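Below, each chain spelled out in residue letters.
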Amino acid sequence: MITLTPGTVTLDQLRDLWSGASARLSDASLTAIDTAAASVGRIVASGKTVYGINTGFGLLAQTRIPADKLADLQRNLILSHSCGLGDALPRHVTRLMIILKLIGLGRGHSGVRRQVIDALMALLDADAMPLIPSQGSVGASGDLAPLAHMVAALMGEGRIDLAGTVLPAAEALTKMGRTPLVLAPKEGLALINGTQASTAIALDALFLGQRVFDAALHAGALSVDALKGSCAPFDARIHDLRGQPGQIEVAGRLRALLDGSDIATSHHDCDRVQDPYSFRCQPQVMGASLDLLTNAARTLEIEANAVTDNPILFPGSDEVISGGNFHAQPVAFAADIIAIALCEVGSISERRTSVLVDPNMSHLPAFLTDDGGLNSGLMIPQVTAAALVSENKSLAFPASVDSIPTSAGQEDHVSMAPIAARKAVTIANNAAGVIAIELIAAAQGVDYHCPVETSPALQALHAQIRALSPHLETDRYWADEMAALQAAVLAGEIGSA
């Protein structure tokens, strides 16, 4: 159980929550929520016209709503915005989105009542995930449609996946012992304004991407030994002179993975002068990708703790200020950066596989198989890797440079953060497939050097690969083995070696 202190939730805690850890808001945050809700009550009682409390929305913000219509205003807001399309978000992403919304509300600047927090917590406690269409948000004015679907489920509208069974929301609430939520002034807007959907998807891409990165680093090290490549390009002195932190870290990790390799010491006196860039420039390329992932992680950690609804309430003075924290440009940039970094991680991996299957480059049997001609070996898995890399190249074009006006021009510049984030998740999955293919190729290449052995760390990796993909003796059905290794990469099992 993680006690969330909004404003200080760490990336490690977010990763644990993404992996399924339970969460509760701190007592201090609950007190802040109550204080903000009392402030809204005072504002309503004062009769003042305040955006988001007793007005219309967007282009209709100048329309004053009478007091006896405020409940209808909130309900209509949610129903009208529940208009997403496409496949439902994965359950773990929806769960993280709910937690992020709790963190944002827990800062005490949104004005929702404790009942709203209890309703959101009930979803988590019952493993009840609203079905939220993945398309329909442009990432400005918040993730309106995805968050509206979340709130609609609390109101008994839409559908809920209750521990694996999809039910009409009203029926699921009954099974949970809950009644449909009736929203009070400002609560609808507080719940659907915000970047929580974009941020949850981007964090999904980040955490998957970190696993892909670690697996790629291991695959790259094993490929060095499969090629009988040089460890000299990983010498710390080279990288210290450049000073790039990711490059320095990657070089150090490659040295550690290759430490103790008999294969590495077996060819000190060979006549090869240099290895291809995809082998010797791993610190430079992978290090640059690591720096991008690190920067994106910092942005997303901040955003996960942020107040991103609108208007923002300052309970101490009962002030309500309309701003633009809902604009998800930081998330869009972070997601695009993740996508670009992972695109390169996959690209350089595929190049190493291509070298290993080419006898002119690797001096290993063609396509890493005996009796070539009769057997095709890894000829077509490398084609699959090339196809995935090419798909990633097209997906890596930044979504954040796009914008389209909405809401009759009132919302005239938008971020496209959810689109950037969804693309980044796809790229991470594709890159995991590319790494899976390199792992098979590298293990096969190392086998050809027996009885000379790789390092202890890479022997452990080799054993992991062989548990899912045995040594290739003759052609066989590849798809299941490749998918199993891809799943292992995404599960974080390969980097753990």
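Residues numbered from 1 in each chain as written. Predicted model: local features only at pLDDT ≥ 70, side-chain atom pairs only at ≥ 80, totals over all residues. Heavy atoms only, no water.

**Structural notes on the pattern of salt bridges**
Close approach of charged atoms allows side chains of opposite charge to pair. Counted only if it meets this: Salt bridge, as used here: a side-chain nitrogen of Lys or Arg that lies within 4 Å of a carboxyl oxygen of Asp or Glu. Each helix corresponds to a stretch of at least 4 residues labelled H or I by DSSP, and each strand to a stretch of at least 2 residues labelled E; elements are numbered beginning at the N terminus. Only protein chains enter the accessibility calculation, which uses a 1.4 Å probe; a residue whose area is less than 20% of its type maximum is buried, one above 50% is exposed, and one in between is partly exposed.
As enumerated under the stated definition, the model contains 16 salt bridges in all. Among the ionic pairs, Glu249 bridges to Arg253, the shortest N-O distance being 3.9 Å. Here Glu249 and its partner Arg253 are both found in helix H11 (residues 245-258), four residues apart, which amounts to about one turn of the helix. Among the residues examined, Glu249 registers a relative accessible area of 41% and is labelled partly exposed. The exposure class assigned to Arg253 is partly exposed, which follows from its relative accessible area of 25%. Beyond isolated ion pairs, a larger network of salt bridges with shared partners links Arg91, Asp127 and Asp161.

**Focus on the side chain of Asp318**
Counted only if it meets this: Two residues qualify as a contact provided that any one of their heavy atoms is within 4.5 Å of a heavy atom in the partner residue.
Looking at where Asp318 falls in the secondary structure, it is placed in the loop between strand E8 (312-314) and strand E9 (319-321). Excluding its chain neighbours within four sequence positions, the residues that come into contact with Asp318 are Ser39, Arg42, Ile43 and Lys48.

**A short note on helix H5 (residues 114-125)**
Each turn of an α-helix holds 3.6 residues, which means side chains three or four residues apart point in the same direction. Filter applied, for reference: A helix's residues, less one, multiplied by 1.5 Å, set its expected span.
The end-to-end C-alpha distance of H5, which contains 12 residues, comes to 16 Å, matching closely the 16 Å that a straight helix rising 1.5 Å per residue would cover. All of the buried residues along H5 are Val116, Ile117, Ala119, Leu120, Met121, Ala122, Leu123 and Leu124. Positive backbone phi, at 50°, marks Asp127, one or two positions downstream of H5.

**With respect to the layout of surface pockets**
Basically, it comes down to this: A pocket, in this scheme, is an open set of points on a 1 Å grid over the protein atoms alone with protein on both sides within 12 Å along at least 5 of 7 lines, while a cavity is a set where a 1.4 Å probe fits but cannot get out; residues line either one if an atom lies within 4 Å of a point. Grid points are joined across faces, edges and corners, and a volume is the space filled by probe spheres set on the points. Only Asp, Glu, Lys and Arg are considered charged, only Ala, Val, Leu, Ile, Met, Phe, Trp, Tyr, Cys and Pro nonpolar, and every remaining residue, Gly among them, polar.
Empty space within the second largest pocket amounts to approximately 270 Å³. In terms of lining, the second largest pocket is formed by 20 residues, of which the most central are Gly229, Ser230, Cys231, Ala264 and His268. Sorting the residues of the lining of the second largest pocket by element identifies H11 and helix H12 (262-265) as the ones contributing at least two each. Broken down by class, the residue content of the lining of the second largest pocket amounts to six nonpolar, eight polar and six charged.

**With respect to the sheet that holds strand E7 (residues 165-168)**
Sheet strands line up and pair through hydrogen bonds in the backbone, either parallel or antiparallel. Condition: A pair of strands counts as paired when DSSP detects no fewer than two bridges linking them. As a rule, the C-alpha atoms of each element are fitted with a line to give its axis, helices using only the stretch in contact, and angles between N-to-C directions run from 0 to 180 degrees.
Across the sheet, which stays open at both edges, the three strands sit in the order E4-E6-E7 with antiparallel pairing between neighbours. Each edge of the sheet is formed by a strand with only one pairing partner; in this case those strands are strand E4 (128-130) and E7. Averaged over neighbouring strand pairs, the angle between their axes works out to 30° when direction is ignored. Strand direction decides the pairing type here: E4 and strand E6 (residues 159-162), joined by three bridges, are antiparallel. Residue Met129 lies in a different strand from E6, and its bridge partner there is Asp161. Along the sheet face, helix H4 (residues 91-105) touches E4 and E6 and points at about 90° away from the line of E4.

**Looking at the pairing of E7**
Pairing of E6 with E7, which is carried by four bridges, proceeds in the antiparallel orientation. Residue pairing in the sheet places Arg159 in a bridge with Pro168 of E7.

**Topic: a nonpolar patch on the surface**
Selection rule: A patch is a set of surface residues, each over 30% in relative accessible area and not in a salt bridge, joined within 9 Å for like charges and within 5 Å for the nonpolar side chains Val, Leu, Ile, Met, Phe, Trp and Tyr. Residue burial considers only the protein chains on display, and all accessible areas are found by Shrake-Rupley using a 1.4 Å probe.
A contiguous nonpolar surface patch, about 230 Å² in accessible area, is contributed by Met379, Ile380 and Val383. Along the polypeptide, Val383 turns up in helix H17 (residues 379-395).

**Quick notes on the side chain of Asp204**
Note the threshold: In this charge count, Lys and Arg are treated as positive and Asp and Glu as negative; neither His nor the chain ends contribute. Counting of polar contacts relies on pairs of N or O atoms within 3.5 Å, with two restrictions inside protein: one atom must be capable of donating a hydrogen and the other of accepting it, and residues adjacent in sequence are counted only when both atoms are side-chain atoms.
The residue Asp204 is located in helix H9 (residues 196-227) in this model. The buried charged residue Asp204 lacks any salt bridge partner; its closest oppositely charged side chain belongs to Arg211, at an N-O distance of 7.8 Å. At a separation of 2.9 Å, a polar atom in the side chain of Asp204 contacts the side chain of His92. Those residues in contact with Asp204 that lie beyond four places of it in its chain are Trp18, His92, Val93 and Val425.

**Notes on the nonpolar core**
Condition: The definition of a nonpolar core used throughout is a set of buried Ala, Val, Leu, Ile, Met, Phe, Trp, Tyr and Cys residues joined through side-chain atoms within 4.5 Å.
The biggest cluster of nonpolar side chains holds 152 residues, and the ones touching the most others in it are Leu14 and Leu120. Considering each element in turn, this core owes the most residues, 20 residues, to H9. One finds Ala36, Val40, Val50 and Ile53 within the second-largest nonpolar core, a separate group that totals six residues.

**What to know about the state of the cysteines**
Defined as follows: Cysteine sulfur pairs qualify as disulfides if the two atoms are within 2.5 Å.
One pass over the full model with this rule turns up zero disulfides. Here Cys343 stays unpaired: no disulfide links it, and the sulfur of Cys281, its closest cysteine neighbor, is 18 Å away. With no disulfide of its own, Cys450 has Cys231 as its nearest cysteine by sulfur position, at a separation of 18 Å. With a relative accessible area of 54%, Cys450 lands in the exposed category.

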